[in-house]
Amino acid sequence: MDTITHALAPVILTRLALGKPTWMPKFGLVAIGVAGAMPDLVNPHLSLAARMTSWSHGLPFWGGLTVVLLGFALVKRRLLPVRLALLLSAAYLLHMVCDAISGGINWLYPLGNFVWGDYFVDPVWWIPLDVVCVLTVNVMFRLVPLRARVREARVREARERRGEV
């Protein structure tokens, strides 16, 4: 899958699952998106063969990253809540799962070899998935809040007309 889907899918899932949690910092969803794209950002690849030898696409790096994130979260709870650290780790892991179902990855690289996955999601669907993710994010973060503000304004206006202010 493409990096756009890797970045936006965990953001969409987080918003659907958690709504707007009060504990999440202002840029928490942005951080989740970056974490979802991180395997491709820190070690880019253009072919399936390159992905199979990408240290950023293996469980060893993910495990190390998770330890670092949780350690940082335990020391700097105000800067990085533990729940956000877990979501960042989950976004990174989701990237690897998505790559596994769209060609496969070497789960144990660079410490070992365990190649698993296949083209369960054909590359012909990757760009349409990007478009669906971009449209979904626009609906979730722009259209829905705009409709809510318009609805609130109409209710307020109706109350003012009836003298309920």
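Just above sits the structure.
None of the values given here were measured: they were computed from a predicted structure.

Asker: Looking at this structure, how should I read the layout of surface pockets?
Answerer: The probe, sized like a water molecule, is rolled over the atoms to show the empty space still left. Approximately 180 Å³ is the volume found for the largest pocket. The residue makeup of the lining of the largest pocket, split by class, is 5 nonpolar, 3 polar and 4 charged.

Asker: Please explain unusual backbone geometry as it appears in this structure.
Answerer: For residues that are not glycine, phi is negative in most cases, and the peptide bond is trans in most cases. Here tyrosine 109 and proline 110 are connected by a cis peptide whose omega angle stands at 5 degrees. Mapping proline 110 onto the fold places it in the loop between strand E1 (105-106) and strand E2 (115-116).

Asker: I tried to follow the packing of aromatic side chains on my own but got confused; where do I start?
Answerer: One pair of aromatic rings is described through two measures. These are the centre distance and the angle between the planes. Counted under the stated rule, the structure contains 3 aromatic pairs. Consider the rings of tryptophan 55 and phenylalanine 61, whose centres lie 4.9 Å apart with planes at 70 degrees: the pair is edge-to-face. Taken together, the ring pairs in this structure connect Trp55, Phe61 and Tyr92 into an aromatic cluster.

Asker: Looking at this model, I keep getting lost on the packing of helix H1 (residues 3-18) against helix H5 (residues 82-100). Mind explaining?
Answerer: Pairs of packed helices are described in terms of their axes, by the angle between the two and the distance that separates them. Two elements in contact, H1 and H5, have axes whose closest approach is 9 Å; the angle formed by their N-to-C orientations is 125 degrees. Put simply, H1 runs oblique to H5. Crossing of H1 over H5 shows right-handed handedness. Of the residues in H5, those touching H1 at His6, Ala9, Pro10, Leu13, Thr14 and Leu18 are Leu87, Ala91, Leu94, His95, Cys98 and Asp99. Here the residues of the contact of H1 with H5 are counted per class, giving 8 nonpolar, 3 polar and 1 charged.

About the criteria used
Residues numbered from 1 in each chain as written. Predicted model: local features only at pLDDT ≥ 70, side-chain atom pairs only at ≥ 80, totals over all residues. Heavy atoms only, no water. 1 Å grid on protein atoms, 1.4 Å probe; cavity = no way out; pocket = protein on both sides within 12 Å on 5 of 7 lines; lining within 4 Å. Points joined across faces, edges and corners; volume = space filled by probe spheres on them. Nonpolar A, V, L, I, M, F, W, Y, C, P; charged D, E, K, R; others polar. Helix = DSSP H or I, 4+ residues; strand = E, 2+ residues; numbered from the N terminus. Phe/Tyr/Trp six-rings, centres within 6.5 Å; stacked < 30°, edge-to-face > 60°. Axes fitted to C-alpha atoms, helices over the stretch in contact; angles between N-to-C directions. Parallel < 35°, antiparallel > 145°, perpendicular 65-115°, else oblique. Left-handed = near helix turned anticlockwise from the far one by under 90°. Contact = heavy atoms within 4.5 Å.

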